[in-house]
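The residues making up each chain are set out below.
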Amino acid sequence: DQQVKQNSPSLSVQEGRISILNCDYTNSMFDYFLWYKKYPAEGPTFLISISSIKDKNEDGRFTVFLNKSAKHLSLHIVPSQPGDSAVYFCAASADQAGTALIFGKGTTLSVSS
Amino acid sequence: NAGVMQNPRHLVRRRGQEARLRCSPMKGHSHVYWYRQLPEEGLKFMVYLQKENIIDESGMPKERFSAEFPKEGPSILRIQQVVRGDSAAYFCASSLATRDEAFFGQGTRLTVV
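Remember, predicted model here, so these are calculated numbers, not experimental data.

Rules behind the numbers
- Residues numbered from 1 in each chain as written.
- Chains lettered and ligands numbered in written order.
- Predicted model: local features only at pLDDT ≥ 70, side-chain atom pairs only at ≥ 80, totals over all residues.
- Heavy atoms only, no water.
- Pairing = 2+ DSSP bridges.
- Helix = DSSP H or I, 4+ residues; strand = E, 2+ residues; numbered from the N terminus.
- Axes fitted to C-alpha atoms, helices over the stretch in contact; angles between N-to-C directions.
- 1 Å grid on protein atoms, 1.4 Å probe; cavity = no way out; pocket = protein on both sides within 12 Å on 5 of 7 lines; lining within 4 Å.
- Points joined across faces, edges and corners; volume = space filled by probe spheres on them.
- Nonpolar A, V, L, I, M, F, W, Y, C, P; charged D, E, K, R; others polar.
- Disulfide = S-S within 2.5 Å.
- Buried < 20%, exposed > 50% of the residue type's maximum accessible area, 1.4 Å probe, protein only.

Draft legend 1. Up close: the sheet that holds strand β8 (residues 75-79) of chain B. All names here are of chain B. Read across the sheet, four strands follow the order β1-β3-β8-β7 without closing on themselves; strand pairing throughout is antiparallel. Two strands close off the open sheet at either side, each with one partner strand: β1 (5-7) and β7 (65-68). The sheet shows a mean angle of 15° between the axes of neighbouring strands, direction not considered. With three bridges joining them, β1 and strand β3 (residues 19-24) adopt antiparallel strand pairing. Opposite Asn7, over in β3, you have Arg22 as the bridge partner.

So this is what it looks like as structure tokens:
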């Protein structure tokens, strides 16, 4: 059973528009969430994170929103750029000793110019 | 400050052989995680280790797979008697502490022929 779900395998957006990537989780113990970006043949790189004590975290063009009651988070990229084209993974962890990040299956974002 | 180093980048093994994947964490990081990415799949957690200890191996297949992180030297993911289904990209990540973001290596792509 998947604890972290990214239900959209792919998303296509035009350059300059907003990209919204969604993530749902089932484990109510998760309290720390991260987004990673991955290019082909490379390892994932950390993008942005949010703790459950917040509902929003912003870093430049990237904003992550957390809705704890809905167990849902989203990553907004605005404006989208062609270089943002990559696979985006949502990850979550629980505040327990010895827990690793649990990843979703990823969403492939394509930004066209 | 070198990042997470994984080697080899590509590994080809015949069915029945052993595969050894190495991971040197970032300097100062004592937490190491192994993930596997199958084609068209997300990152699946395999094992979480600290120096000389396995913290969580709930994602490891029960047979043929083992991992270690000795006091000196890199972490090793060992797959005995490989089968075609083991073909995947194996990523190692390290972090300074349990709740810090993890930094990933570039992965080892294992192909079993």
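Draft legend 2. Looking closely at the layout of surface pockets. A volume near 440 Å³ is recorded for the largest pocket. As for the largest pocket, its lining consists of 21 residues, and the residues nearest its centre are Val87 and Thr108 of chain A together with Gln37, Glu40 and Glu41 of chain B. Considering each element in turn, the lining of the largest pocket owes the most residues, three residues, to strand β9 (residues 86-94) of chain A. Per-class residue counts for the lining of the largest pocket are 10 nonpolar, six polar and five charged.

Draft legend 3. View of the state of the cysteines. Under the criterion given, the structure shown has two disulfides over all chains. Linked covalently through their sulfurs, Cys23 of chain A and Cys90 of chain A form a disulfide whose S-S length is 2.0 Å. What sets the handedness of the Cys23 of chain A and Cys90 of chain A disulfide is the S-S torsion sign, and at about -70° it is left-handed. Linking Cys23 of chain A in strand β3 (residues 19-25) with Cys90 of chain A in strand β9, this pair joins segments that are 67 residues apart in sequence. The burial state of Cys23 of chain A is the same as that of Cys90 of chain A; both residues are buried. Between the sulfur atoms of Cys23 of chain B and its disulfide partner Cys92 of chain B the distance amounts to 1.8 Å. Disulfide Cys23 of chain B-Cys92 of chain B: torsion about the S-S bond near -55°, hence left-handed.

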